[in-house]
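Here is how the chains run, residue by residue.
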Amino acid sequence: MKILYSGYHNPDFITITEYVERAILQLGYELETYDYRQHIIPYRISEILPFLYRWDMNKLNIGLIKCVDSFKPDILLVNWGGTFYPQTITEIGRRFKATTINWLIDFPGGRSVLETALKVVPAYDYFFAQSTDALEVHEKYGNKGGMWLNAACDPEIHKPLKLTDEEQKKYGCDICFVGSMYPERIELLKTLTDFNLGIWGPGWERLDVNSPLKKHIRGGPVAPETWVKLYNASKIVINYMGHYGEDIDEDKVYQASPRVFETLGCGSFQMVDAKKDVVTLFKSGEHMVCFKKIGEAKELAKYYLGRPQERKEIAQKGRSEVLAKHTYVHRIEELLKAIGKS
């Protein structure tokens, strides 16, 4: 079977695009790729000159059609693909008889991303969403028939590592957090400043100079090869989805973020907020530990820092669970089975 996959290849580090491509190849399928952000003109320029933006988008869409014509895939699998016109996807399905699939990730991803997704999804034969809250929103706006397909881990990347003494000293801490700065994350991490807390990620340099978190900032954005070491070096990895902005109700964010699966793949002990999708997929106290309110995290951290054997057992069970059910190979198999192509 021939699969044409379209995602975004970040020039600085690997992302879900590469993980999905690797899984397709591991399953023995023939793969061709097409980057939906192959802009000729830098976006920051084209967005202020509408005629240049239209020219660039037209070129991207024509390029996709040419790629389909050349490769003749059985399946076109798109990871969001907001630069593709609905009519382009419709033409590909009609003209080339390819099954078209959209796999939406990173919900909600900002208002413009959501609005684009709502418009393009109906053009596809099938669509999948990374979270059940995304499916609810799409159904609310008339996009029915979507299916839940989570993120996952890549065991060749997200795995236990043997660190050098220097790496352990450089990256080690009691509690590690890697992620962007959001107001609710500030509030959570402020409750953990009594511990050896290390924070990495974009935006933290903008913290108020008097913030108690300042001394815990250990670095900015880090690539996967670095944060995998951070997770391996730390006693507790804390993940907190929050609500992605002040205008979003946290109780309506259900998503199990990619970091949930990636942390488990590393064999790390994880504390994570009890989002609906997380507790559907995993058992708190067996595969990880979940907290429902910010105030619970401190007591849980204190409890588990004092019980290294219990942390180790939970981390091992979490890794076994994620390897058994939640790799990107599993996801591609699930997707193909759902559309009758396995």
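All values reported here derive from a predicted model rather than from experimental measurement. (Residues numbered from 1 in each chain as written. Predicted model: local features only at pLDDT ≥ 70, side-chain atom pairs only at ≥ 80, totals over all residues. Heavy atoms only, no water.)

1. Details of the packing of helix α12 (residues 296-305) against helix α13 (residues 308-325)
Right, on to step 1. It is at 7 Å that the axes of α12 and α13 come closest, and there the two elements cross at 105 degrees. In terms of orientation, α12 lies roughly perpendicular with respect to α13. Contacts from Tyr-303, Tyr-304 and Leu-305 of α12 reach α13 at Pro-308, Glu-310, Arg-311 and Ile-314.
Right, on to step 2. Considering only residue class, the contact of α12 with α13 consists of 5 nonpolar, no polar and 2 charged. (Axes fitted to C-alpha atoms, helices over the stretch in contact; angles between N-to-C directions. Helix = DSSP H or I, 4+ residues; strand = E, 2+ residues; numbered from the N terminus. Parallel < 35°, antiparallel > 145°, perpendicular 65-115°, else oblique. Contact = heavy atoms within 4.5 Å. Nonpolar A, V, L, I, M, F, W, Y, C, P; charged D, E, K, R; others polar.)

2. Concerning the packing of α13 against helix α14 (residues 328-338)
Right, on to step 1. Look at α13 against α14: their axes get within 7 Å of each other, and the N-to-C directions meet at 40 degrees. In this structure, α13 contributes Leu-323, Ala-324 and Lys-325 to the contact, and α14 contributes His-330, Arg-331 and Glu-334.

3. Looking at the pattern of salt bridges
If the charged atoms of two oppositely charged side chains come close together, the side chains can form a pair.
Right, on to step 1. Taken as a whole and judged by the stated rule, the model has 12 salt bridges.
Right, on to step 2. Residues Lys-298 and Asp-194 are paired through a salt bridge, measuring 3.0 Å at the closest nitrogen-oxygen approach. With Lys-298 in helix α12 and Asp-194 in the loop between α8 (183-190) and β8 (197-200), this residue pair connects regions lying 104 residues apart in the sequence.
Right, on to step 3. Classification of Lys-298 by relative accessible area gives partly exposed; the value is 30%.
Right, on to step 4. Put simply, Lys-325 and Glu-321 hold a salt bridge, and the shortest N to O gap is 3.0 Å. (Salt bridge = Lys/Arg side-chain N within 4 Å of Asp/Glu carboxyl O. Buried < 20%, exposed > 50% of the residue type's maximum accessible area, 1.4 Å probe, protein only.)

4. Examining the packing of aromatic side chains
Right, on to step 1. This structure, assessed with the given rule, holds 9 aromatic pairs.
Right, on to step 2. When the centroid spacing of 5.3 Å and the interplanar angle of 45 degrees are considered together, the rings of Trp-227 and Tyr-231 count as tilted. With Trp-227 and Tyr-231 both in helix α9 (residues 224-233), this residue pair falls 4 residues apart, about one helical turn.
Right, on to step 3. Overall, Tyr-231 belongs to the buried group, its relative accessible area being 1%.
Right, on to step 4. On the basis of an interplanar angle of 40 degrees and a centroid distance of 6.0 Å, the ring pair of Tyr-240 and Phe-291 is categorised as tilted. Here Phe-291 lies in strand β12 (residues 289-291) and Tyr-240 lies in the loop between β10 (236-239) and α10 (258-265), a separation of 51 residues in the sequence. With respect to burial, Tyr-240 and Phe-291 carry one shared label: buried.
Right, on to step 5. Its end group placed over the ring of Trp-227, Arg-259 keeps NZ or CZ at 4.3 Å from the ring centre. (Phe/Tyr/Trp six-rings, centres within 6.5 Å; stacked < 30°, edge-to-face > 60°. Lys NZ or Arg CZ within 6 Å of the ring centre and 35° of its normal.)

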